[in-house]
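Below, each chain spelled out in residue letters.
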Amino acid sequence: MKKRTPVSAIMSENVITLSSTDDLLLAEKLFKKEKIRHIPVVSGTEIKGMLSYTDLLRISFADAADEDEKDVDTVVYNMFTIDQVMAKTLVTVNSSSTIKEVSEILSKKEFHALPVVDNNELVGIVTTTDLINYLLEQF
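What follows deals with the pattern of salt bridges. Oppositely charged side chains may form a pair once their charged atoms are brought near each other. Taken as a whole and judged by the stated rule, the model has five salt bridges. The closest approach of N and O atoms between K32 and E28, which form a salt bridge, is 3.1 Å. Highlighted residues: K32 and E28, both in helix α1 (residues 24–34), separated by four residues, approximately one helical turn. Take K32: its relative accessible area is 17%, and that puts it in the buried class. For E28, a relative accessible area of 2% corresponds to the buried category.

Next up on the list: a nonpolar patch on the surface. Judged by side-chain polarity, V75, M79 and F80 come together as a nonpolar surface patch covering roughly 290 Å² of accessible area. For V75, the location among the structural elements is in helix α3 (residues 75–79). The exposure class of V75 is exposed, given its relative accessible area of 52%.

Within the structure shown, the criterion is met by one aromatic pair. With centroids separated by 5.4 Å and ring planes inclined at 65°, the aromatic side chains of F31 and Y53 adopt a geometry described as edge-to-face. In this pair, F31 sits in helix α1 while Y53 sits in helix α2 (residues 53–59), placing the two residues 22 residues apart along the sequence. For the pair F31 and Y53, a shared accessibility class is recorded, and that class is buried.

Once rolled over the atoms, a probe with the size of a water molecule shows which space is left empty. Put simply, the largest pocket is a space of about 400 Å³. Looking at the largest pocket, it is lined by 20 residues, and the ones nearest its centre are H38, S52, E110, F111 and H112. When contributions to the lining of the largest pocket are tallied by element, the ones reaching two or more residues are β2 (46–52), α2 and β3 (113–118). Here the lining of the largest pocket gets four residues from one element, more than from any other, and that element is α2. A class-by-class count of the residues in the lining of the largest pocket yields 10 nonpolar, six polar and four charged. One number sums up the size of the second largest pocket: a volume of about 260 Å³. Looking at the second largest pocket, it is lined by 14 residues, and the ones nearest its centre are S12, I36, R37, I125 and T127. Contributing elements (two or more residues each) for the lining of the second largest pocket: β1 (38–43), β4 (121–127) and α6 (128–138). Looking at which element gives the most residues to the lining of the second largest pocket, the answer is α6, with three residues. Per-class residue counts for the lining of the second largest pocket are five nonpolar, six polar and three charged.

Reading the values: rules and limits
- Residues numbered from 1 in each chain as written.
- Predicted model: local features only at pLDDT ≥ 70, side-chain atom pairs only at ≥ 80, totals over all residues.
- Heavy atoms only, no water.
- Salt bridge = Lys/Arg side-chain N within 4 Å of Asp/Glu carboxyl O.
- Helix = DSSP H or I, 4+ residues; strand = E, 2+ residues; numbered from the N terminus.
- Buried < 20%, exposed > 50% of the residue type's maximum accessible area, 1.4 Å probe, protein only.
- Patch = residues over 30% accessible without salt bridge, like charges linked within 9 Å, V, L, I, M, F, W, Y side chains within 5 Å.
- Areas by Shrake-Rupley, 256 points an atom, 1.4 Å probe, with all protein chains shown as cover.
- Phe/Tyr/Trp six-rings, centres within 6.5 Å; stacked < 30°, edge-to-face > 60°.
- 1 Å grid on protein atoms, 1.4 Å probe; cavity = no way out; pocket = protein on both sides within 12 Å on 5 of 7 lines; lining within 4 Å.
- Points joined across faces, edges and corners; volume = space filled by probe spheres on them.
- Nonpolar A, V, L, I, M, F, W, Y, C, P; charged D, E, K, R; others polar.

Okay, here's the thing in structure tokens:
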């Protein structure tokens with residue numbers, strides 16, 4: 001295992017994002033359709049926050065809804081905006097941060113994804129799943 005491998009080697013570069021003007025129903029649809037758990041909230045290419053599927057679960061019964069059900073109850077989602085639900089205090093890393101540095105951050109924090117930001121621009125996202133897959137490749 002290389003000690004200086006940059007996070008850019010394992011991060012997802014084609015990041016699905018939301019704008020703070022999008023609604024939570026769209027966020028839920030993206031989480032389910034794309035089978036992801038974290039979506040950066042951006043203004044242009046600048047990251048403003050991070051919305052997790054867990055954030056949605058805290059305010060709704062989204063996990064109880066059938067994935068094929070088209071008539072999802074949107075009352076709760078209409079009560080909140082993405083801005084109100086997303087995490088605004090973010091820890092970010094840059095694409096040259098090492099996998100070891102990223103692992104240390106994620107092992108000490110209570111979140112499971114880090115936005116990768118270079119020159120104030122979102123360039124990727126790295127998750128605990130990315131780290132586990134990387135470790136599995138080493139064996």
